[in-house]
Amino acid sequence: MDASLHVCRDRGSPLPHATCDRTRSLQNAAAAAAGSEVQLLPPSLSLSPSLSPSLHLSRVFWRLFRPCMRGHAWVVSPAPGPSVSASGMGLRLSQKFVFLLFLSGLVTLCLGALFFLPDSARLKRIFLSKTEAQPVTVGSENDAREQARKADAAAARVRALSRKPSVTHEARAVDRPPQGIKAQDERSSGRTRTETTAAQNDARQPRDTFEYDRFKKCLLGSPLGSDRGKPGDPQTLQRRDKVKEMMKFAWDNYKHYAWGKNELRPLTRNGHIGTMFGGLRGASIIDSLDTLYIMDLLEEYEEAKDWVENNLDLNSNGESSLFEVNIRYVGGLLSAYYLTGNEVFKKKVLELGEKLLPAFNTPTGIPRGVINLGSGTSWSWGWASAGSSILAEFGTLHLEFVHLSELSNNPVFREKVMNIRKLLNKIEKPHGLYPNFLSPVTGNWVQHHVSLGGLGDSFYEYLIKSYLMSDKTDEEAKKMYYSALEAIEANLVQQSPGGLTYLAEWRGGILDHKMGHLACFAGGMLGIGAEDGAPEKKQRYLDLAGEITHTCHESYTPTKLGPEAFRFDAGAEATATRLSERYYILRPEVIESYMYMWRLTHDPKYREWGWEAVEALEKHCRVEGGYSGIRDVYASAVSHDNMQQSFFLSETLKYLYLLFSDDDLLPLQDWVFNTEAHPLPIIHRNCLQRQNSLQKPDKTPAD
Ligand code: DMJ
């Protein structure tokens, strides 16, 4: 509990002392106005319920405040005049009238204080049940939107007073960056305490109508294919087996040295928790569930599942990244559920999904980047300029949230991400591009930095994947994706003097001729989006996909592992020119593009490139205690960073395994991979509806 909330617990009441004090002074003021010298009201005062509705209110008020007042000799001493009994029954009618008048005034004043004074936010939370409370995040910018919201909040307060079920209560914004991080602009980097909304509360209603069997019937093929994707030719099978062995090695070491922690430190052979997931643990377990399952490592999968069932504690109180928790935990649990049908995953993921909802309680509905899963408090990253939210973070929730709504039959999750979509669709875009920073308070761009690498990347990925996941019915996502692509082609796609195609970064019209490793996912993205482009563009997009993938492969030299960022200026051709950009942390993006390009073209070079990566991982990253990132991909003497990232198990090894498998293992007609490589099923809506109507008791198949 907040240290500043000193309650009247010693007197049996949860009210803050400040409120008790304020009540007393209000009483005295009101009494003075009524010409009485008020000391205190008697605890035993009883008034006839038949007198007036305000009497009931007075009683309610009295009951609420009595504990604060207990212990005082509260008497009414009207002066001057005949003395009266302290009992209400002994009061004369005129005195009763004055007394009632006073009580009504008092109640009005107190409730007024309760709802309008800035310090009363906590009291409101105590007074109003969680189920009623609906949060409004108040930012510090005084724009028209804010005014409108305040008006809404005021109207809601009135509704609160009339005790209607769904009310909105203003919460206080506390401008404070996360611990250890200094906000660049405290004016707008608001930390916002949020509470359970009515809609969020809805999420707790057991309205589960999802039928796993019906879902399975609507898949076009078996998720694991006819023979778990076993490739026909012996060399490919051998390579696939090698990848499986790598996964087992990574898993066994994690299990041995870091079980239950988030990542393994393979050199020091211990666990790493970090700060990204708040109090959540077991990131490597959640990220591995589906990989273990599709690789037929079923004993290991069972261990992981048991851990989720018995040890995954979602009641954590730490400060976590909304984006990371979503792509790893929500994505990992969702795909484990869809692949296995085990209800424990569904239960956990819905519980976790609800805990993420308060992050959306901002004036625009654009979530802030950091959330405390325990308290619902959310705030912007201290490093994000002017309290902004990051495009790649709030733009990478769509797939998972749509599935949370599918599973729970509760629209609230879908509504949250559709709201983000709506805002992004409407807002003016410089040259049709989406900058990386947006204010969750005003809904305006904060900086004109555009990138398909870090800060921007997976937003674009989720546009095309939203379209594909909707069984190609989400026309809005499609339109946004292809318009963004036009803008990217016109402004970011570049050719190096050496003939390499790359995606530059854009800073207010000035190009930075640099590509991050992260941007290498774009080969795969362009590939899977090619087919649904305009007829005259399809081939162009597929070619572009191939060119970007080729450039990224070119950056993998001489260790055959790639740097964090590479440049195309001052004579550089896909080369890291800065020491600080030479590291490789077991990232998947280049291999991810190989996997998609293999599926789309069956050009054997992609499998060859993938195998090069396997050999390089074995040579440079495998150590006795697991796999480690390396500090310099150009150095002949390898230096390890002592971290086995959870995405190595979830993405890098999974994409390699799929690259050496037949296409019917997680076929792209049925599955899209979230940005952490967790497969999520395409929603074959028509089939699902057909299945549902077939199964209704009052319907027959003939219907
Ligand atoms: C993963 O966590 C996800 O792919 C994310 O979108 C960005 N990159 C890391 C791995 O590099």
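The model shown is predicted, which means the values in this text are computed figures rather than measured ones.

So, empty space enclosed by the protein
Now for step 1: By the definition in use, this model includes six cavities of 30 Å³ or more.
Now for step 2: In this structure, the largest cavity occupies an estimated 100 Å³ of space.
Now for step 3: Along its surface, the largest cavity is lined by Phe 394, Gly 395, His 398, Val 417, Ile 420, Arg 421, Leu 424, Phe 459, Tyr 462, Leu 463, Ser 466 and Met 480.
Now for step 4: Taken together, the elements giving at least two residues each to the lining of the largest cavity come down to helix H15 (412–426) and helix H16 (457–469).
Now for step 5: Here the lining of the largest cavity is built from residues that sort into eight nonpolar, three polar and one charged.

What about the sheet that holds strand S15 (residues 449–450)?
Now for step 1: Here three strands make up an open sheet; going across it, the order is S15-S18-S19 and the pairing antiparallel. Edge strands, defined here as strands with exactly one partner in the open sheet, are S15 and strand S19 (510–512).
Now for step 2: Across two bridges, the pairing between S15 and strand S18 (residues 505–507) is antiparallel. Opposite Val 450, over in S18, you have Trp 506 as the bridge partner.

Some thoughts on H15
Now for step 1: Given a rise of 1.5 Å per residue, 15 residues ought to cover 21 Å, and the 21 Å separating the end C-alpha atoms of H15 matches this to within 8%.
Now for step 2: Taken as a whole, H15 has its buried residues at Val 412, Phe 413, Lys 416, Val 417, Ile 420, Arg 421, Leu 423 and Leu 424.

Some remarks on the sheet that holds strand S14 (residues 445–447)
Now for step 1: Taking strand neighbours across the sheet as the criterion, the three strands line up as S12-S13-S14 in an open arrangement whose pairing is antiparallel. Of all the strands in the sheet, just strand S12 (389–390) and S14 have a single pairing partner and so form its edges.
Now for step 2: Sheet topology places S12 next to strand S13 (residues 437–438); two bridges connect them, and they run antiparallel. Within S13, the position partnered with Ser 389 by the bridge is Leu 438.

Some points on the pattern of salt bridges
Now for step 1: This model, assessed by the stated rule, comprises 35 salt bridges.
Now for step 2: The salt bridge partner of Glu 343 is Lys 346, with a shortest N-O separation of 3.5 Å. Separated by three residues within a single helix, Glu 343 and Lys 346 lie in helix H12 (residues 343–356), roughly one turn from each other.
Now for step 3: By relative accessible area, which is 43% here, Glu 343 ends up partly exposed.
Now for step 4: Measuring nitrogen to oxygen at the nearest pair gives 2.9 Å for the salt bridge that ties Arg 421 to Asp 474.

Reading the values: rules and limits
Residues numbered from 1 in each chain as written. Predicted model: local features only at pLDDT ≥ 70, side-chain atom pairs only at ≥ 80, totals over all residues. Heavy atoms only, no water. 1 Å grid on protein atoms, 1.4 Å probe; cavity = no way out; pocket = protein on both sides within 12 Å on 5 of 7 lines; lining within 4 Å. Points joined across faces, edges and corners; volume = space filled by probe spheres on them. Helix = DSSP H or I, 4+ residues; strand = E, 2+ residues; numbered from the N terminus. Nonpolar A, V, L, I, M, F, W, Y, C, P; charged D, E, K, R; others polar. Pairing = 2+ DSSP bridges. Expected span 1.5 Å × (residues − 1). Buried < 20%, exposed > 50% of the residue type's maximum accessible area, 1.4 Å probe, protein only. Salt bridge = Lys/Arg side-chain N within 4 Å of Asp/Glu carboxyl O.

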